[in-house]
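# Breakdown of the fold
Residue strings, one per chain:
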Amino acid sequence: MTAKKVRVGFFDFTGCEGCQLAKVSMENELPQILEHIEIVNFREAMSEKSWDMDVAFIEGSITTPACVERINRIRQAAPILVTLGACSTIGGINAIRVGRDLDEIRQEVYGDKRYLFPSLPVMPVSAVVKVDASIYGCPPNPKDVARFLTQFLAGKIPQAPKYPVCIECKLQGNACLLVQGIPCMGVVTRAGCGAWCPSKGQFCYGCRGLIPDANLDALRISFEECGLSQQEIDNKLHLFSGRELEKLS
Amino acid sequence: MVVSIHSGYVPQQAKIVRTEQMTAAEKLFELQIPDGPLGHEPGQFVEVSILGVGEAPISVSSGPNRGPNFELIVRKAGSVTEAMHQLGAGAVMGIRGPYGHGFPMERLKGSDLLFIGGGIGLVPLRSAIHYALDHRSDYGRVVILYGTKNPNEILFRREIEEWKQRDDVEFFMTVDRGSPDWKGNVGVITTLIPPLDLNITNTTAIVCGPPIMYKFVIMALRSKRLEHDQIYVSLERHMKCGLGKCGHCQINHLYVCQDGPVFLYSDIQDVKEAL
Amino acid sequence: MKRRGLLSQKAPLFIRHLMNKGQVYGPVKNKTQMPEFAQVDEPSRVVLDYTTTVLPPKRLFQPPEETIYHFSRKDFTVEPAKVSGDGLKILVGLHNYDAEGIACLDYQMARGPADEGWAARRRNWVFVGVSYEPDQHHFSPSVGIGPDHRNGLDLFMDKADGGYNVELLTERGASLLDGFGGWSAPLPETPAPKFHNRLLPMPSDLPHILARSYEHPIWQQEAKRCFSCGSCTMVCPTCYCFDVFDELQLDMESGEKKRHWDSCQVAPFTEVAGGEIFRKETSSRVRHRIYRKFKYITDHYGRPFCIGCGRCIRACPAKISISEVMNNLARKAAG
Ligand SMILES: Cc1cc2nc3c(=O)[nH]c(=O)nc-3n(C[C@H](O)[C@H](O)[C@H](O)COP(=O)(O)OP(=O)(O)OC[C@H]3O[C@@H](n4cnc5c(N)ncnc54)[C@H](O)[C@@H]3O)c2cc1C
Ligand code: SF4
Ligand code: SF4
Ligand code: SF4
Ligand code: SF4
Ligand code: SF4
Ligand code: FES
């Protein structure tokens, strides 16, 4: 199709930078993708009015007042705002900080200069501005990203599945790890990755965040049966979903 | 030898002949298929597909005797319906169906008909209303009750004016919340029922609206002494196939896409998940 | 009934013989060393002595994910998917309950508009059964599928001392044996297998028990541990629900309409635009599955729509057991 290319801006916040399109092992698809989208770069000094883009992809989570200000500016300029990766979508692995004393973390991260960097609790982008769609995962799964892009370019605001990884795990015919006493988070984790980890024999560590109404009480019982301590269970739950858990409580 | 499978899922091309924006969220599509007419019963639905986006079940809103084309009225509710809204005259969408059991218009001959439509629920009722008006002498009274949330959501304004003009149609409507220039009734649709003077033994009610509406409408009809087997309802459920296979539309043991969407209330009053 | 002895070491030869007669499918070891129903390329990879598979043989007739049609958005062309209808296909190593599971779906898929994919893929099969040693979850005899059950099978390899006694059940089955010379005299029989799980009620009582258990607190008790993960239905040989979706290629023109298995146990299964979920409570979904197995379909099928394979119990991370639920309901109804 020779329709006008979609102008896309990429914006980095606090994260591991593992999410950028080129790094999500999509080198092969990239040329085809670039037939439909044009990646535009903005100098942030410019006023947002001259940021001419159709979509903003946001990577990384919101951690400082400066981040808040910047994401607000991007939101104003972008008709559609998409979060890319666990950090911007669910607060991501950054959210390990949730529930820990902020000062303590600042000490760890910034040493004596910590008072120069006022930090907020780690937030997903959706805690600050309206998010139109999200690409989940840490890192996002290439197939899922391709699906997102095609649906998006076809005029659909793609929705991630609301069912758990187990559905995809069973489509692959895997025997369940959790049943075998291996603490797999797939039962409470949003699908869309094609059960990436369990299909390789590794438990799901929950990188796509919780499904709505995840039965966490049941998860605690099952993980106890796997021999995990309360502390270990908490750690597992907080690895990616600390922010979501906070919202629940 | 290779055999083709799943021909039941293959859509035919329907050309958009005309569109009309009815409200901010609802758009009418007049469609033409190569071997038209569609051959539907009032109350049946089609699966509309936008290739690359998906499918959605949509009621056929026009009567079967209204020429070779048919009409859909689509509310913008998500991806497929939004993609449909972007299409204009000349564009093509996929259609398969019609599916399901519609209103038994043949069997209702001789009856007084009481149509009760809430919001977009008037859309499937309209095909039965068309049918009754196109075979007007076959039926007794035609009473239409219509309620919407507010005046902005009123569908079929021109047609409603025609219904109001006819002396063989009794039309009443209400809105949940009025607006400064709204002169008509304000209140939920059930408030239109008590004042009606019905010939109870010979009336059939045909009801379609949002899920919460049914319980209250049926209570109001019961207090008018209408029996359960004098009430038809049309139900909405998640649907994926329309063929009684994908399971999404089940209510207990029933499949809405095949056994419904139109049910006689007495047949489902004990079906726990129905209403 | 005619029987012929087959020594264990001759079994691969027998399968090799069958491979000359048609395409052979059976439980073969997958990448995780688990038996999985798939086409056999090498007789030694067939596992005849297995407890059960994760996914039922249904996957051969309705793949977990399949294309419905190919389309092009440019000129609105639609090309239905195709399957090969040629040649004889032989499924070896089928447990007798799994043959009944296929029969259940033959019934369901032909109701109303028939499922063409199922019908096309189900043509020209010969089923070769094999006996099995039940684990703690099988309860097939309780739904009328005891060790001697042979419905739907053409040949049966009954485990015996040192090998199998191959039973010739149909002419189609018997004709497959032409030209195979590896037989021995019938082997000494081994004792009938012991089952460790069972349903307390008679099969015919199951719908009646459910008829009066709709509001029973058991559904909420089970829901406390249920993850709504869907595994129980994804592995069930008599489940058939699926989701339909579009997949577009990156050229933004060509794509496929596809379907994959879906589950009534996940919350979004009944969700409609606007957010209403018709089966919102976990307890209502737990109940729905069990009613589907022992009441709703049973009422017109005339038999339980569960074959007692125990797959749903083995797959459940919450240890929810359909047999235990039914037994608890039966006990409460009785006492
Ligand atoms: C028998 C029947 C008749 C209908 N008639 C009309 C009509 O005349 N006009 C109209 O505007 N709407 C009608 N609807 C509702 C319409 O089907 C949904 O609004 C539409 O499916 C939403 O799809 P979407 O992709 O735009 O929304 P999304 O939110 O993007 O997707 C919703 C998802 O739910 C699925 N879904 C399946 N069935 C339904 C359902 N019943 N309601 C909502 N989602 C559903 C869709 O396939 C899709 O996967 C009818 C529904 C049924 C069951
Ligand atoms: S292994 Fe994990 S993802 Fe797979 S079924 Fe078990 S809990 Fe679910
Ligand atoms: S299996 Fe779990 S951890 Fe692995 S990619 Fe999927 S959601 Fe992430
Ligand atoms: S497998 Fe178990 S936990 Fe998962 S939905 Fe079924 S009953 Fe619930
Ligand atoms: S319900 Fe469970 S035991 Fe019964 S057939 Fe299905 S998987 Fe097997
Ligand atoms: S409704 Fe549930 S129990 Fe019935 S076939 Fe579908 S997934 Fe299985
Ligand atoms: S819509 Fe698929 S079974 Fe009714």
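Residues numbered from 1 in each chain as written. Chains lettered and ligands numbered in written order. Predicted model: local features only at pLDDT ≥ 70, side-chain atom pairs only at ≥ 80, totals over all residues. Heavy atoms only, no water.

## With respect to helix H8 (residues 282-296) of chain C
Of all bends in H8 of chain C, the biggest is about 35°, found at Ile290 of chain C. Of all the 15 residues making up H8 of chain C, 14 are buried; the element is thus mostly covered by neighbouring parts of the structure. (Bend = angle between axes of the 7 residues up to and from the residue. Helix = DSSP H or I, 4+ residues; strand = E, 2+ residues; numbered from the N terminus. Buried < 20%, exposed > 50% of the residue type's maximum accessible area, 1.4 Å probe, protein only.)

## Considerations on the site of ligand 1
The environment of ligand 1 is made up of 23 residues, and the closest members are Pro57, Arg75, Thr81, Arg237 and Met239 of chain B. The local environment of ligand 1 is shared, drawing residues from chains B and C. In the model, a nitrogen atom of ligand 1 is placed 2.8 Å from a nitrogen or oxygen of the Ile73 of chain B main chain. For ligand 1, a nitrogen atom lies 2.7 Å from a polar atom in the backbone of Arg237 of chain B. (Near = heavy atom within 4 Å. Polar contact = N/O pair within 3.5 Å; in protein donor to acceptor, adjacent residues only side chain to side chain.)

## A short note on the site of ligand 5
For ligand 5, the full set of nearby residues is Phe139, Cys236, Pro237, Lys293, Cys306, Ile307, Gly308, Cys309, Gly310, Arg311, Cys312 and Ile322 of chain C. When grouped by side-chain class, the residues that make up the shell around ligand 5 number eight nonpolar, two polar and two charged. (Nonpolar A, V, L, I, M, F, W, Y, C, P; charged D, E, K, R; others polar.)

## Here we look at helix H2 (residues 65-77) of chain A
Residues and elements named next belong to chain A. Taking 1.5 Å per residue as the helical rise, H2 with its 13 residues ought to reach 18 Å, and the 19 Å between its terminal C-alpha atoms agrees with that figure. When H2 is considered as a whole, its buried residues turn out to be Cys67, Ile71, Ile74, Arg75 and Ala77. Buried residues of H2, seen end-on, are gathered within an arc of 160° and therefore sit on one face of the element. The exposed residues of H2 that point more than 90 degrees off its buried face are Ala66, Glu69 and Gln76. The elements touched by buried residues of H2 are strand E1 (6-12), strand E3 (55-59) and strand E4 (80-84). (Expected span 1.5 Å × (residues − 1). Arc of directions from axis to C-beta. Contact = heavy atoms within 4.5 Å.)

## A few points about the nonpolar core
Of all hydrophobic cores here, the largest spans 210 residues; its most connected members are Leu72, Ile116, Val207 and Leu221 of chain B together with Phe294 of chain C. At eight residues, helix H2 (residues 122-134) of chain B tops the list of elements feeding residues into this core. In this structure, Leu221 of chain B is in contact with Leu114, Ile116, Ile193, Ala205, Val207, Leu226 and Ile231 of chain B, ignoring residues within four places of it in sequence. (Core = buried A, V, L, I, M, F, W, Y, C linked by side-chain atoms within 4.5 Å.)

## Brief notes about the sheet that holds strand E3 (residues 35-39) of chain C
Residue and element names in this part refer to chain C. Pairing in this open sheet of seven strands is mixed, and the strands run E1-E10-E9-E8-E7-E2-E3 from one edge to the other. Sheet topology places strand E1 (2-7) and E3 at the edges, where each strand pairs with a single neighbour. Each neighbouring strand pair of the sheet contributes to a mean axis angle of 25°, computed without reference to strand direction. When strand E8 (residues 125-130) meets strand E9 (residues 155-160), the two strands line up parallel, connected through three bridges. Bridged to Val128 within E9 is Leu155. Contacts between helix H2 (residues 96-110) and the sheet are confined to E3, strand E7 (89-94) and E8, with E7 contributing the most and set at about 130° to the helix. (Pairing = 2+ DSSP bridges. Axes fitted to C-alpha atoms, helices over the stretch in contact; angles between N-to-C directions.)

## Examining the pairing of strand E4 (residues 65-72) of chain C
All names here are of chain C. For E4, the tally of buried residues reaches six of eight residues, placing the bulk of the element in the interior. For E4 and strand E12 (residues 254-261), the ladder comprises seven bridges, and the chain directions are antiparallel. For Thr67, the partnering residue across the bridge sits in E12 and is Lys258. Across four bridges, E4 lies against strand E5 (residues 77-80) in antiparallel orientation. When the bridges of E5 are listed, Ser72 appears paired with Thr77. Counting the residues in the hairpin turn of E4 and E5 gives four residues, including Phe76, whose phi is positive at 55°.

## Section: the packing of aromatic side chains
Residue and element names in this part refer to chain C. Evaluated as defined, the whole model comprises 23 aromatic pairs over all chains. With a centroid separation of 5.6 Å and 55° between ring planes, the pair formed by Phe14 and Trp183 is classed as tilted. With Phe14 in helix H1 (residues 11-21) and Trp183 in the loop between helix H4 (171-175) and helix H5 (206-211), this residue pair connects regions lying 169 residues apart in the sequence. We classify Phe14 as buried; its relative accessible area is 0%. Their ring planes at 45° and their centres at 6.4 Å tell us that Phe61 and Phe127 sit as a pair that is tilted. Residue Phe61 is found in the loop between E3 and E4, and its partner Phe127 is found in strand E8; the two are separated by 66 residues along the sequence. In this pair, the class of Phe61 matches that of Phe127, namely buried. (Phe/Tyr/Trp six-rings, centres within 6.5 Å; stacked < 30°, edge-to-face > 60°.)

## Points about the domain arrangement of chain C
All names here are of chain C. Here chain C is partitioned into domain 1 (2-175) and domain 2 (203-334). Contacts between domain 1 and domain 2 engage 43 residues on the former and 41 residues on the latter. Note on domain 1 versus domain 2: buried area summed over both sides is about 3,600 Å², and carbon and sulfur give 57% of it. Among the residues domain 1 hides against domain 2, the three largest losses belong to Phe71, Tyr107 and Phe139. Together they make up 17% of the total. Our count for the contact surface shared by domain 1 and domain 2 stands at six salt bridges. Ionic pairing is found between Arg259 and Asp115, a salt bridge with its closest N-O pair at 3.0 Å. (Domains from an automatic or database assignment. Buried area = accessible area lost by both parts, 1.4 Å probe. Salt bridge = Lys/Arg side-chain N within 4 Å of Asp/Glu carboxyl O.)

## Here we look at the interface of chain C and chain B
Tallying the contact residues gives 52 residues for chain C and 42 residues for chain B. In total, about 4,100 Å² of surface goes out of reach between chain C and chain B, with carbon and sulfur atoms giving 58% of it. On the chain C side of the interface with chain B, the three residues burying the most area are Phe76, Glu116 and Phe278 of chain C, jointly 16% of the side's total. Applying the counting rule to chain C against chain B returns two salt bridges. Here Glu273 of chain B and Arg279 of chain C are joined by a salt bridge, their closest N and O atoms 2.9 Å apart. For the pair chain C and chain B, the interface holds 24 residue pairs in polar contact (both at pLDDT 80 or more).

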